[in-house]
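For reference, the chains in residue letters:
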Amino acid sequence: MAKTLHLIFIVLFTCTGWAQNLQLPAGDTLRVSQIAQKQDLSQLNVLQFDFDENGYLWAGTEDGLNRFNGYNMYTYSQGTDETSGLTDDHIRGLLYRNDTLWLGTNTHSVQAYIPSQNKFLHYKDHQKIASDPSLSFAHGIYEVNSKYLLAATLKNCILINRKSGGITTLPLPNPAANDYVLGLINHSEENIWLGTYFNGILKLDLQKMTIEDMPQFNTLDNNPVHAFQKRAANEVLIGTQKGLFKYSFSSEELQLIGQPEQESGIRCFFDWNEDYYLLGGTKGIKFLNKQTYKVKPVVLAGFEKEVFSPVEILQVKQDAGGGVWMGSQGKGMFYYHPARQKFTPQRIELKNEPEKDFISIFNFLREGETLWMATAIGYVKHDMRADTYELYRTNKLGYTLVKDSQGQIWGGGFDLGLEKYNRKKDLFKDVTPLTGIPDRDVAEIIPLSKDSIWVSTWASGIYSVDPQTFEAHQVKINGRDIHRSRASFISEDGTIWLGADDGLYRISGSETRQYTHKSGSEGSLSNDRVFSITQDENNNLWIGTAQGLNKLDLQTDEITSYLEQPGLPNDFIYGVLADNNNDIWVSTNRGLSKFDRETETFTNFTEQDGLQNNEFNGKAAYKDSLGYLYFGGMNGYNKFHADSIPVNTHAGRTIIEEVELFGTPIERNVIYTDTLSFEHDENVITFKFTALNFLLPQKNNYQFKMLGFDKDWRPVTKERSTTYTNLNPGTYTFLVKGSNNDLKWGAPDSLVLTIRAPWYKTVWFRAFAILFFLLLITGVYLYRYNLKKAENLRLHKMVEGRTAELRKTNNDLSKAMHLAKEQKNNIAFLMQELNHRVKNNLQLIASLLDIQKETIQDESARNNLQAAQNRLFTIAAIHDLLGAKKPGENFKLDEFVSSLARELVSFMDEGVHLDFNLEVLKVHKKCITPLGIIINELVTNTLKHAFPGNRNNKKIEISLSREGELIRLDYKDNGIGIPDNFKDENSLGFNLVENLARQLKGHLEILKVPEGAHIVILFKC
């Protein structure tokens, strides 16, 4: 969809236009900008021009069609293909209406260009035009009314229906002459007056569709009639090649105004303001007073001392921004804007003096209508009413001028010393010798009271001088001399502020504070060299330094610095002034800058805006009691009031003109395009744009951002293009907005940008991939399902077979288990019977031994039988214990040892006391029998041999503990002990204990103790 068309209504017909209430130039010169080859104008004869709804200027020349954006022309030239494009680049007529640019060409009749479609329409092959060769030679294109346009051709007129595009050809009354129409005016809705080249004025009757002769204008025959201007309801002005005429409708009288001008014809009218018309003619331009018809010639001149007059002006029109355009014969176009020259440079004009230019000014002082100036050659007095200048020559640099509270003027400068102005004698007198001040370089004079003025010298410090007696004494600041104190300011509370090369000084009574630059500190001065000081209405002190503007908040004592990068064109600040709007003005090496405190932005002005020069001087900044500001520099000075500076309020449309891909423009009509699409690898995209503000376009600013990529607007720039690379696939919106030369911002233009994803990242591919993946999963699932189903069927058959086998095997096992259970029960019964029989037999043997012991008298035999009986008792006890345990169950050795020892002592001798220190230990059943016999032998041996004579306090102590992998058995008694030769007595019990210890993979050790016996057995079990 094409971009929305923004219509701009421009009232004009033929060469006539209307303007806002423009002011006449102050002198005889109208300052204009020339649009010519430097701006790529294809040819310098601009025969007709117009503006489209976007604000572009279209100009027709003898060598192409030009579109101007304020920076350069884009030219449409004749191509080789006559079926499309411009077929004749000699353009005599041009008119833009309703998205159509109508062109009258030299040999190809009427053509139309539709910018939104980038399409040319050709009428040369139309049947009516092709049948008459004279219709191919077109001249001007004019608007008749809302229904028709008129194309002037040789001997004819072509009426173009604006709605249908259809044409009607009308011949001129005198076909013998090569006549054609030069201009027209609507006399009524149906009657149009036509100015012609040979036949004066003709009448176009739209009802009859005829062109008729008008006898009352026969005197204008052979006098080309170029333009008309309605004056009132009853008269019209007529511009001809031989001068200016006035025609009265009521009296039907045609009157020549002034003298016939054979070489100064009138080509067009322009309604300049309520009092004047601007006349464009063969010799340039002139102003015509609407009441007196007096003419004021005006010279067209540039801003760089160019002079363009004399020049033939063919057409004058005004654009939507208030600028006035002039098309010329041979010199291109000229552009005038009332807000172009914001300042008027003032020059010191000295009669009978050699100095004419570049008189440098350093200081100002106003007294009523007299302006005093300190200059490089002395003092100058300017009478502002009479506009005269008087020099008080010293040939020395005057640097400062002040007036004290008594009305006395004081001056000073380099090698001037201190000077006092004598009003009666009208001269300056050097009073330095009277003061005794040794330094004749005076940088600043500060009136403090009627009794004291401070004189600041360049190298000797500050002196306080009595204005009456000229007595002087040196002033110490912080106990020292202050040199080069060139700036001062006295606050309403009497605080004295001094600016020198080593910072800013604040002197309030007896207190003095110094502000200096501290490297790396944001709260300090930006530079120590102070050139100017002023105060605004918000109690802020502004300090101009050699590197930046500083604001000192007198309430918080905080300093804010403004340097070149944030907006100042140059940060060497010579002068600082606060205007009546409380805005701050500074002079620099690159012009003037106004600081808006509300927006904290700088508006910068240069010599192009009417400044005396881009370079200003130190101390040359002054504000008078009426609010006028004065800034002096290398070539004069500027005086202005802040409220009188013209401002360009028209921002103009910002338009994206061109898009480049990898540095090559794409073939799209980008101006009228909303959306562009690119492939994923077409990702180096350049946008070119312009703000259609023709007034100082080099001062236009731009901001842009890419929605979807940039988080915020990019920084303000003057560049008119930007490049984005590596944009990810997606949809973006490029926005760009522009400001005019006075920082008035317009609405942004936008372009939607789509970066298509690669095929493998597109939605359809992802959908296909997901579908394919789902189908693949489904196929795999079905395949595995069928495979599993077949496997399950096979396994089912196998299971059924195995199940049958298992049933048979289970039945067989059941039968075998039943048989095994019966056998186990039988074995258990047999084992129970066997244990019973073994126990009975052991009991029987013990009983037989007991009977045998009673029948034997031999003590040795009885003891042996008793030992055998004890062993049988031990074996029976172990047998009972083993019979009570389950297979594989371990034995608690501590419980076994304590139980067995107690039964043995109970069986043999209850008078023995047993002590146990047994660690809880579990052992295998294989160890029980050897350990039981060892305990039996040791206890039996103690009871038999350790306590002879039936002694009292018999005691046995048994201990068990683990030492690593071994078990330690400690056996102790408090008997008579073991004799040293007991092994020679062939002891059966001791040998048995030793053998059983070795069977347990251990050994026996008898320890020597003072009393009783102590046997240690270490074994592994």
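Source: prediction; values computed, not measured.

Teacher, can you tell me more about the side chain of His1014 here?
With respect to the helices and strands, His1014 occurs in strand β74 (residues 1013–1019). In this structure the side chain of His1014 is engaged in a polar contact, spanning 3.0 Å, whose partner is the side chain of Asp970. Each residue touching His1014, except ones within four places of it in the same chain, is listed here: Asp970, Tyr971, Lys972, Glu1005, Ile1006, Leu1007 and Val1009.

How should the layout of surface pockets be read in this particular structure?
Summary: where empty space remains is shown by rolling a probe the size of a single water molecule over the atoms. When its volume is computed, the largest pocket comes out at roughly 1,400 Å³. Breaking the lining of the largest pocket down by element, the ones donating at least two residues are β3 (29–31), β32 (345–346), β36 (388–393) and β59 (636–641). When its residues are assigned to classes, the lining of the largest pocket shows 15 nonpolar, 15 polar and 12 charged.

Before we go on, may I ask you to explain the pairing of strand β30 (residues 324–329) in this structure?
Two faces, one strand: in a regular strand the side chains alternate between the faces of the sheet. Within β30, five of the six residues are buried, leaving the element largely enclosed by the surrounding structure. Where strand β29 (residues 312–318) folds back onto β30 in an antiparallel hairpin, the turn is made up of five residues, including Gly322, whose phi is positive at roughly 90°. Two strands pair when backbone bridges link them, and β30 and strand β31 (residues 333–336) are joined in this way by four bridges, in the antiparallel orientation. Bridge assignment links Trp325 to a residue of β31, and that residue is Tyr335. Linking two consecutive strands that pair antiparallel, namely β30 and β31, is a turn of three residues; a positive phi of about 95° is found at Gly330 within it.

Mind showing me how you'd approach the packing of aromatic side chains here?
What describes a pair of aromatic rings is the distance from one ring centre to the other and the angle between the planes of the rings. For the structure on display, the rule yields 68 aromatic pairs. Through pairs of rings, three or more aromatic residues link up here, namely Phe687, Phe689, Tyr702, Phe704, Phe709, Tyr724 and Phe734. Arg486 extends its terminal NZ or CZ atom over the ring of Phe531, reaching a point 4.3 Å from the ring centre.

Help me understand the confidence of the model for the protein chain in this model?
Detailed reading of the predicted coordinates is not advisable wherever pLDDT is low. Summary statistics for the protein chain give a mean pLDDT of 87 and a share of 90% for residues scoring 70 or more. Across residues 1–20, confidence stays below pLDDT 50; counting only partners more than four residues off in sequence or on other chains, it has 71 contacts.

Looking at this structure, I do not really get the sheet that holds strand β55 (residues 591–596). What am I missing?
Sheet strands associate in pairs through backbone hydrogen bonding, adopting either a parallel or an antiparallel arrangement. As summarised here, the arrangement of the four strands in space is β53-β54-β55-β56, forming an open sheet in which the pairing is antiparallel. Whereas interior strands pair on both sides, the edge strands pair on one side only; in this sheet they are β53 (575–578) and β56 (601–605). Strand-to-strand, the axes of this sheet are offset by a mean angle of 20°, without reference to chain direction. Of the pairings in the sheet, the one linking strand β54 (residues 584–588) to β55 comprises five bridges and is antiparallel in character. Counterpart to Ser587 in the pairing with β55 is Leu592.

Honestly, the pairing of strand β24 (residues 253–257) in this entry has me stumped. Any pointers?
As paired strands, strand β23 (residues 243–248) and β24 are joined by five bridges and run antiparallel to one another. Bridge pairing in β24 links Tyr247 to Leu254. Linking β23 back to β24 in an antiparallel pair, the connection comprises four residues, with Glu252 at a positive phi of about 55°.

So what exactly am I meant to see when it comes to the environment of Phe51 here?
Structurally, Phe51 is set in strand β5 (residues 48–51). Assessed through its relative accessible area of 6%, Phe51 is described here as buried. Residues Phe51 and Tyr180, spaced 129 residues apart in sequence, show a C-alpha to C-alpha distance of 25 Å.

What exactly am I supposed to notice about the packing of helix α5 (residues 893–908) against helix α6 (residues 928–945) here?
Interhelical geometry of α5 versus α6 gives an angle of 35° and a closest axis separation of 10 Å. The hand of the α5/α6 crossing is right-handed. Residue-level contacts link Leu893, Phe896, Val897, Leu900, Leu904, Val905 and Met908 of α5 to Ile928, Leu931, Gly932, Ile935, Asn936, Val939, Thr940 and Leu943 of α6. Across the contact of α5 with α6, the residue classes tally to 12 nonpolar, three polar and no charged.

Sorry, what's going on with the environment of Tyr379 here?
If you trace the backbone, Tyr379 turns up in strand β35 (residues 378–383). What makes Tyr379 buried here is its relative accessible area of 0%. Spatially, the C-alpha atoms of Tyr379 and Asn395 are 9.6 Å apart, while their sequence positions differ by 16 residues. Here the side chain of Tyr379 touches Glu419 through a polar contact of 3.1 Å, side chain to side chain.

I would appreciate a short explanation of a nonpolar patch on the surface in the present structure.
Together, Trp759, Tyr760, Trp764, Phe768, Ile770, Phe772, Phe773, Leu774, Leu776, Ile777 and Val780 make up an exposed nonpolar region whose accessible area comes to about 1,200 Å². With respect to the secondary-structure elements, Phe772 resides in helix α3 (residues 763–855).

How should α6 be read in this particular structure?
Because an α-helix packs 3.6 residues into every turn, residues spaced three or four apart end up facing the same way. In this model α6 runs 25 Å from its N-terminal to its C-terminal C-alpha over 18 residues, within 8% of the 26 Å that 1.5 Å per residue would give. For α6, the buried fraction is high: 14 of the 18 residues fall into the buried class.

Please explain the pattern of salt bridges as it appears in this structure.
Close approach of charged atoms lets side chains of opposite charge pair. On inspection of all chains with the given rule, the structure shows 39 salt bridges. Here Lys317 ties to Asp50 by a salt bridge, and the two come within 3.4 Å at their closest N and O atoms. Residue Lys317 is found in strand β29, and its partner Asp50 is found in strand β5; the two are separated by 267 residues along the sequence. Across the pair, Asp50 and Lys317 agree in class, each one buried. Where Asp271 meets Lys290, a salt bridge forms, and the shortest distance between an N and an O atom there is 2.6 Å. Of this pair, Asp271 sits in strand β25 (residues 266–271) while Lys290 sits in the loop between β27 (284–289) and β28 (295–301), and the two are 19 residues apart along the sequence. Among the residues examined, Lys290 registers a relative accessible area of 8% and is labelled buried.

I tried to follow the nonpolar core on my own but got confused; where do I start?
Among the nonpolar cores identified, the biggest contains 39 residues, and Leu893, Ile1017 and Phe1019 are the most heavily contacted of them. Only α5, β69 (912–918), α6, β71 (954–963), β72 (966–973), α7 (988–999) and β74 provide two or more residues apiece to this core. In terms of residue count, α6 provides more of this core than any other element does, eight residues in total. Look past the residues within four positions of Ile1017 in its chain and what remains in contact with it is Ile934, Leu938, Ile967, Arg968, Leu969, Val993, Ala997, His1003 and Leu1004. Grouped together as the second largest cluster of nonpolar side chains are 26 residues, Ile348, Ala374, Tyr379 and Tyr630 included.

I'm lost on α5 in this one. Help?
Taking 1.5 Å as the rise per residue, α5 with 16 residues should run 22 Å; its terminal C-alpha atoms sit 22 Å apart, in good agreement. Turning to α5, its buried residues number three or more, namely Leu893, Asp894, Phe896, Val897, Ser898, Leu900, Ala901, Leu904 and Val905.

Thresholds applied
- Residue numbering note: each chain is counted from 1, following its sequence as written.
- With the structure being a predicted model, the display of local features is reserved for residues of pLDDT at least 70 and the display and counting of side-chain atom pairs for 80 or more, all residues being used for whole-chain, interface and lining totals.
- Values reported for side chains reflect all heavy atoms of the structure, with hydrogen atoms and water molecules removed beforehand.
- Helix and strand definitions follow DSSP, with helices as H or I runs of at least four residues and strands as E runs of at least two, each counted in order from the N terminus.
- We define a polar contact as two N or O atoms separated by no more than 3.5 Å, with the added condition that, inside protein, one atom must be a possible hydrogen donor and the other a possible acceptor, whereas residues neighbouring each other in sequence contribute only through side-chain atom pairs.
- We call two residues in contact when some of their heavy atoms are within 4.5 Å.
- Cavity means a closed set of points on a 1 Å grid over the protein atoms alone, one where a 1.4 Å probe fits but cannot get out, pocket means an open set with protein on both sides within 12 Å along at least 5 of 7 lines, and lining means a residue has an atom within 4 Å of a point.
- Grid points are joined across faces, edges and corners, and a volume is the space filled by probe spheres set on the points.
- Lys, Arg, Asp and Glu make up the charged group, whereas Ala, Val, Leu, Ile, Met, Phe, Trp, Tyr, Cys and Pro make up the nonpolar group; the residues left over, Gly among them, are polar.
- Here's how the labels work: a residue is buried when its accessible area is under 20% of the maximum for its type, exposed when over 50%, partly exposed in between, all with a 1.4 Å probe on protein chains only.
- By definition, two strands form a pair when at least two bridges between them are found by DSSP.
- The aromatic pairing rule takes the rings of Phe, Tyr and Trp, using the six-membered ring of Trp, and pairs them if the centres are within 6.5 Å, calling planes under 30 degrees apart stacked, those over 60 edge-to-face and the rest tilted.
- Two thresholds decide whether a charge sits over a ring: the Lys NZ or Arg CZ must be within 6 Å of the ring centre and within 35 degrees of the ring normal.
- What pLDDT expresses is the predictor's confidence in each residue, scored from 0 to 100.
- Where helices are involved, their axes are fitted lines through C-alpha atoms of the stretch in contact, as for all axes, and angles between N-to-C directions lie from 0 to 180°.
- Rotating anticlockwise by less than a right angle from the far helix to the near helix defines a left-handed crossing, while the corresponding clockwise rotation defines a right-handed one.
- Put simply, a patch holds well-exposed residues, over 30% relative accessible area, that have no salt bridge, with like charges counted together within 9 Å and Val, Leu, Ile, Met, Phe, Trp or Tyr side chains within 5 Å.
- Note on areas: Shrake-Rupley, 1.4 Å probe, and residue coverage restricted to the protein chains presented here.
- One speaks of a salt bridge when a side-chain nitrogen belonging to Lys or Arg is within 4 Å of a carboxyl oxygen belonging to Asp or Glu.
- The length a helix should cover is 1.5 Å for every residue beyond the first.
- To form a nonpolar core, buried Ala, Val, Leu, Ile, Met, Phe, Trp, Tyr and Cys residues must be joined to one another through side-chain atoms within 4.5 Å.

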